[in-house]
Amino acid sequence: MSTSSAPGDLDAWRGLPALQQPEWDDPDELRAVAAELAGQPPLVFAGECDQLRDRLADVARGEAFVLQGGDCAETFSGSNADAVKNKLQTLLQMAVVLTYAASVPVVKIGRMAGQFAKPRSKPTEVRGDVELPAYRGDAVNGFDFDADSRRNDPSRLLKAYHCSAGTLNLCRAFTKGGYADLRQVHAWNQDFVAQSPAGRRYERLAGEIDRAMTFMKACGVNPDAFHEVEFYSSHEALLLEYERALTRIDSLSGLPYDVSAHFLWIGERTRQLDGAHVEFLRHIRNPIGVKLGPTTSADDALALIDRLNPHHEPGRLTFITRMGAGRIRDALPPLIDKVHRSGAPVAWICDPMHGNTFEAAGGYKTRRLDDVLDEVAGFFEVHRALGTHPGGIHIEFTGDDVTECVGGGHGLVEDDLHQRYETACDPRLNRGQSLDLAFMVAELYRKSS
Ligand SMILES: O=C[C@H](O)[C@H](O)COP(=O)(O)O
Ligand SMILES: C=C(OP(=O)(O)O)C(=O)O
């Protein structure tokens with residue numbers, strides 16, 4: 001049931017409006033960079049993308065749950081071993097909580113190894129009487145507020161590729177080489193988080209897992225079954241020149257795959273039906289997602305399905321809804337209802353971050369953990385009422401002890417935000433807040449199943 005695309009289709013987007021693309025000031029340099037990227041090795045393989053599509057088909061059928069998360073904006077300087085390990089460790093801890101406490105297979109997808117480009121609300125940033133191009137992610141320009149740093153520099157695309165390769169290599173080593181072994185559940189809970197309320201709760205759960213594994217071993221189950229985990233990479237497919245340069249024809253199937261990540265999504269700002277992003281992504285064979293904000297109508301959702309998954313292939317299309325805690329209970333039901341009645345197999349994931357951002361008194365962009373939890377609770381309520389499957393969560397977090405979102409076990413308040421506000425774009429949950437969220441989601445899942 002594959003969608004066949006002629007090679008020319010992969011460039012049809014070039015004739016369409018492409019929002020949120022940087023104005024590169026040297027087109028020749030961009031062409032040279034794209035040519036160099038096109039000659040680089042793939043970051044992921046077609047077979048892995050197919051495997052993720054199968055996993056997401058399980059999600060659409062109600063048999064698994066997605067945990068997708070990582071940085072809002074990865075940075076080149078943050079692509080180091082400690083930061084990557086901390087993020088992965090947080091993802092693994094959350095996944096263990098969900099798998100054990102909710103008894104559901106968890107599909108683990110990092111917002112990692114490629115999340116280097118950001119859509120922005122405004123093209124420029126003004127500080128005092130200086131106006132400069134907005135920061136659009138390390139793949140485009142620099143975070144520092146000076147004219148040189150904010151230049152849209154095509155060579156950054158190459159650096160984004162290399163940082164993605166390094167990050168993914170580390171993730172593969174951690175998840176396949178023994179670090180993600182379930183017998184390590186305690187080891188993931190070291191450092192600052194171990195003493196937090198969420199860390200202590202996690203430690204009790206890890207103790208139960210230990211006992212369960214000892215029991216299974218006694219029953220003859222081979223403990224090597226718990227040695228490695230499946231991990232997938234994802235990012236917003238925003239910079240079309242980059243994604244196009246990394247799209248290859250798979251030698252086995254003859255079909256095009258974007259080998260920059262296993263899963264790509266189209267953002268809320270670039271999901272226009274007649275836009276370049278939808279056109280480009282409809283031709284690649286990777287599993288894909290679309291973010292849906294509160295203004296999305298049920299007909300918009302159906303039209304996206306028609307374009308992106310016309311043959312209703314299970315696992316091909318995921319809708320990531322980001323309505324906001326105040327809107328989800330009204331905005332989501334009509335979408336799910338109509339899509340469900342159309343018979344299209346969609347995995348529904350809740351992004352409880354992007355509809356809940358506000359500016360705190362000190363000027364920091366932040367989010368309340370309570371709003372995040374409330375949006376997730378609304379997501380489960382809506383699905384329960386409609387008899388559909390709440391298929392997962394998509395969140396922005398870091399493995400570090402940052403102070404970017406308020407609330408959680410340590411009771412962070414707006415006055416604390418300045419202490420460790422390190423994000424390059426939107427506020428992320430810290431490790432303790434991420435664990436709080438995982439425990440709550442596990443509880444909601446158990447009640448709704
Ligand atoms: O992560 C999402 C967007 O890039 C981000 O919310 C845009 O933020 P802005 O409104 O500050 O541009
Ligand atoms: C920009 C993002 O979200 P959205 O498209 O939902 O605004 C994002 O997830 O980084």
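What counts and what doesn't
Residues numbered from 1 in each chain as written. Chains lettered and ligands numbered in written order. Predicted model: local features only at pLDDT ≥ 70, side-chain atom pairs only at ≥ 80, totals over all residues. UniProt positions renumbered as here; feature names shortened; annotations may be inferred. Near = placed C-beta within 6 Å. Nonpolar A, V, L, I, M, F, W, Y, C, P; charged D, E, K, R; others polar. Axes fitted to C-alpha atoms, helices over the stretch in contact; angles between N-to-C directions. Helix = DSSP H or I, 4+ residues; strand = E, 2+ residues; numbered from the N terminus. Parallel < 35°, antiparallel > 145°, perpendicular 65-115°, else oblique. Left-handed = near helix turned anticlockwise from the far one by under 90°. Contact = placed C-beta atoms within 7 Å. Buried ≥ 20, exposed ≤ 12 C-beta atoms within 10 Å, placed from the backbone. Pairing = 2+ DSSP bridges. Right-handed = clockwise from strand over helix to strand, strands pointing away. Arc of directions from axis to C-beta.

- For the protein, an unreviewed UniProt entry supplies the name Phospho-2-dehydro-3-deoxyheptonate aldolase and the organism Actinomadura fibrosa.
- Here the protein is described in UniProt, under the heading Pathway (unreviewed entry), as follows: "Metabolic intermediate biosynthesis; chorismate biosynthesis; chorismate from D-erythrose 4-phosphate and phosphoenolpyruvate: step 1/7."
- You can read under Sequence similarities (unreviewed entry) in the UniProt record for the protein the words "Belongs to the class-II DAHP synthase family."

## Here's the deal with the site of ligand 1
Here is step 1: The local shell around ligand 1 consists of Cys72, Lys118, Pro119, Arg120, Ser121, His354, Cys425 and Asp426.
Here is step 2: Residues that form the shell around ligand 1 fall into these classes: three nonpolar, two polar and three charged.

## Some details on the site of ligand 2
Here is step 1: Around ligand 2, the surrounding shell consists of Cys72, Pro119, Glu236, Gly267, Glu268, Arg269, Lys291, Arg322 and His354.
Here is step 2: Of the residues belonging to the shell around ligand 2, the class tally is two nonpolar, two polar and five charged.

## Quick notes on the packing of helix 1 (residues 27–38) against helix 4 (residues 155–176)
Here is step 1: Two elements in contact, helix 1 and helix 4, have axes whose closest approach is 8 Å; the angle formed by their N-to-C orientations is 20°. On the basis of the axis angle, helix 1 is roughly parallel to helix 4. The two elements helix 1 and helix 4 meet at a crossing, and its hand is right-handed. Together, Val33, Glu36 and Leu37 of helix 1 and Ser155, Leu157, Leu158 and Tyr161 of helix 4 make up the contact between the two elements.
Here is step 2: Along the lines of polarity and charge, the residues of the contact of helix 1 with helix 4 split into five nonpolar, one polar and one charged.

## A word on the pairing of strand 11 (residues 347–350)
Here is step 1: Of the two faces of strand 11, the one carrying Ala347 and Ile349 and the one carrying Trp348 and Cys350 are both buried.
Here is step 2: For strand 10 (residues 317–321) and strand 11, the ladder comprises four bridges, and the chain directions are parallel. By the bridge assignment, Thr318 is partnered in strand 11 with Ala347.
Here is step 3: For the crossover that starts at strand 10, traverses helix 10 (residues 328–342) and ends in the parallel strand 11, the hand is right-handed.

## Description of helix 9 (residues 298–308)
Here is step 1: For helix 9, every residue scored as buried is listed here: Ala301, Leu304 and Ile305. Along the axis of helix 9, the buried residues cluster in a sector spanning 100°; they form a single face.
Here is step 2: Check the buried side of helix 9 and you find it contacts strand 9 (288–292), strand 10 and helix 10.

## What to know about unusual backbone geometry
Here is step 1: Here the phi dihedral of Gln20 falls at roughly 65°; this positive angle occurs in a residue that is not glycine.
Here is step 2: By the secondary structure assignment, Gln20 is in the segment before helix 1.
Here is step 3: C-beta crowding within 10 Å serves as the criterion here: with 20 such atoms nearby, Gln20 is assigned to the buried category.

## Comments concerning the environment of Ala18
Here is step 1: Structurally, the position occupied by Ala18 is in the segment before helix 1.
Here is step 2: Of the residues examined, Ala18 has 19 C-beta atoms within 10 Å and is grouped as partly exposed.
Here is step 3: Considering only alpha carbons, one finds Ala18 and Thr270, 252 residues apart in sequence, at a separation of 7.7 Å.
Here is step 4: Ignoring anything within four residues of it in the chain, the contact list for Ala18 reads Trp13, Leu240, Gly275, Ala276 and His277.

## Brief notes about the environment of Pro123
Here is step 1: Mapped onto the elements, Pro123 comes out in the loop between strand 2 (106–110) and strand 3 (124–127).
Here is step 2: Accessibility expressed as a C-beta count within 10 Å gives 12 for Pro123, which makes it exposed.
Here is step 3: Sequence spacing of Pro123 and Ala276 is 153 residues, and the spatial spacing of their C-alpha atoms is 19 Å.
Here is step 4: Residues in contact with Pro123, not counting those within four places in the same chain, are Pro133 and Ala134.

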